[in-house]
Amino acid sequence: IHNQNPNDGFLRLFDARTGSCTASIPPPSRYGARERRGTCLALPGSDSVMVATGGAKGSIHFHDIRKLSTEPQAALLGSYVDSHTDEITTLAFHPTTPTLLASGSEDGLVTLFNTRAATE
């Protein structure tokens, strides 16, 4: 379960069983991106160490969950910044091929990414 705080721009990931926050993902502006807030997130699986986040200006960022609390700058694994021109509204990993990520945006596009590729 996740939520987005409009006051600080962080996306937070919660454990549904305990209700505790397991990760706080900083807004994209914290690492040089043009967005001030994240809009959505997706995990490729329950045992994943990576999380994908969508931004208000169309960027998608990948983070290492293990490093978010201690090294937020180092937690950023990569970004896709050229595929969308408006807010990312949804992200979803393929259920049987977790390296495939679909994104939907206010710009009307649905894009499929192979996350094995470092860039778009």
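Residues numbered from 1 in each chain as written. Predicted model: local features only at pLDDT ≥ 70, side-chain atom pairs only at ≥ 80, totals over all residues. Heavy atoms only, no water.

Chemist: Can you help me understand the nonpolar core in this one?
Modeler: Soluble, globular proteins show a tendency: their nonpolar side chains are buried together. One finds C40, A42, M50, A52, I60, F62, Y80, I88, L91, F93, L101 and F113 forming the largest nonpolar core, which totals 12 residues. Among the elements of the structure, strand 4 (38-42), strand 5 (50-55), strand 6 (60-64) and strand 8 (88-93) are those that each provide at least two residues to this core. Here this core takes 3 residues from strand 8, the largest share from any one element. Excluding its chain neighbours within four sequence positions, the residues that come into contact with F93 are A42, L43, P44, M50, A52, P98, L100, L101 and T115. (Core = buried A, V, L, I, M, F, W, Y, C linked by side-chain atoms within 4.5 Å. Buried < 20%, exposed > 50% of the residue type's maximum accessible area, 1.4 Å probe, protein only. Helix = DSSP H or I, 4+ residues; strand = E, 2+ residues; numbered from the N terminus. Contact = heavy atoms within 4.5 Å.)

Chemist: Hey, could you run me through the pattern of salt bridges in this one?
Modeler: Side-chain pairs of opposite charge can arise where the charged atoms are in close proximity. Following the criterion strictly, the structure yields 2 salt bridges and no others. The closest approach of N and O atoms between R17 and D15, which form a salt bridge, is 2.8 Å. With relative accessibility at 75%, the residue R17 sits in the exposed group. Linking D64 and R66 is a salt bridge whose minimum nitrogen-to-oxygen distance equals 2.8 Å. For D64, a relative accessible area of 5% puts it in the buried group. By relative accessible area, R66 is classed as exposed at 56%. (Salt bridge = Lys/Arg side-chain N within 4 Å of Asp/Glu carboxyl O.)

Chemist: Whenever I open this one, the sheet that holds strand 9 (residues 100-105) confuses me. Can you help?
Modeler: Pairing between the strands of a sheet is mediated by backbone hydrogen bonds and can be parallel or antiparallel. The strand order 8-9-10 describes an open sheet built from 3 strands, whose pairing is antiparallel. What marks the edges here is a single partner per strand, and that holds for strand 8 and strand 10 (110-114). Neighbour to neighbour, the strand axes of the sheet diverge by 20° on average, direction disregarded. (Pairing = 2+ DSSP bridges. Axes fitted to C-alpha atoms, helices over the stretch in contact; angles between N-to-C directions.)

Chemist: Just to check I follow, could you spell out the layout of surface pockets for this structure?
Modeler: Gaps left between atoms show up when a probe the size of a water molecule is rolled over them. Reported here for the largest pocket is a volume of approximately 270 Å³. Lining the largest pocket are 11 residues, and of these L13, F14, T22, L43 and S46 sit closest to its centre. In terms of residue class, the lining of the largest pocket is made up of 5 nonpolar, 4 polar and 2 charged. (1 Å grid on protein atoms, 1.4 Å probe; cavity = no way out; pocket = protein on both sides within 12 Å on 5 of 7 lines; lining within 4 Å. Points joined across faces, edges and corners; volume = space filled by probe spheres on them. Nonpolar A, V, L, I, M, F, W, Y, C, P; charged D, E, K, R; others polar.)

Chemist: Is there a simple way to explain the pairing of strand 2 (residues 11-14) in this structure?
Modeler: On a regular strand, one side chain projects to one face of the sheet and the next to the other, so that they alternate. As paired strands, strand 2 and strand 3 (residues 21-25) are joined by 4 bridges and run antiparallel to one another. By the bridge assignment for strand 3, L11 is matched with I25. The turn linking strand 2 back onto strand 3 is made up of 6 residues, and G19 within it adopts a positive phi angle of 80°.

Chemist: What's the story with the sheet that holds strand 4 in this structure? I'm lost.
Modeler: One open sheet holds the 4 strands; their spatial order is 4-5-6-7, and the pairing between them is antiparallel. Sheet topology places strand 4 and strand 7 (76-80) at the edges, where each strand pairs with a single neighbour. When strand polarity is set aside, the average angle formed by the axes of neighbouring strands in this sheet is 25°. Pairing of strand 4 with strand 5, which is carried by 4 bridges, proceeds in the antiparallel orientation. Residue pairing in the sheet places L41 in a bridge with T53 of strand 5.

Chemist: Where do I start with the confidence of the model for the protein chain in this structure?
Modeler: For residues with low pLDDT, the predicted coordinates do not support detailed interpretation. In this model, the protein chain carries an average pLDDT of 84, and 87% of its residues clear a pLDDT of 70 or more. Considering each helix and strand of the protein chain separately, the mean pLDDT is smallest for strand 1 (residues 2-4), with a value of 60, and largest for strand 9, with 96. (pLDDT = per-residue confidence, 0-100.)

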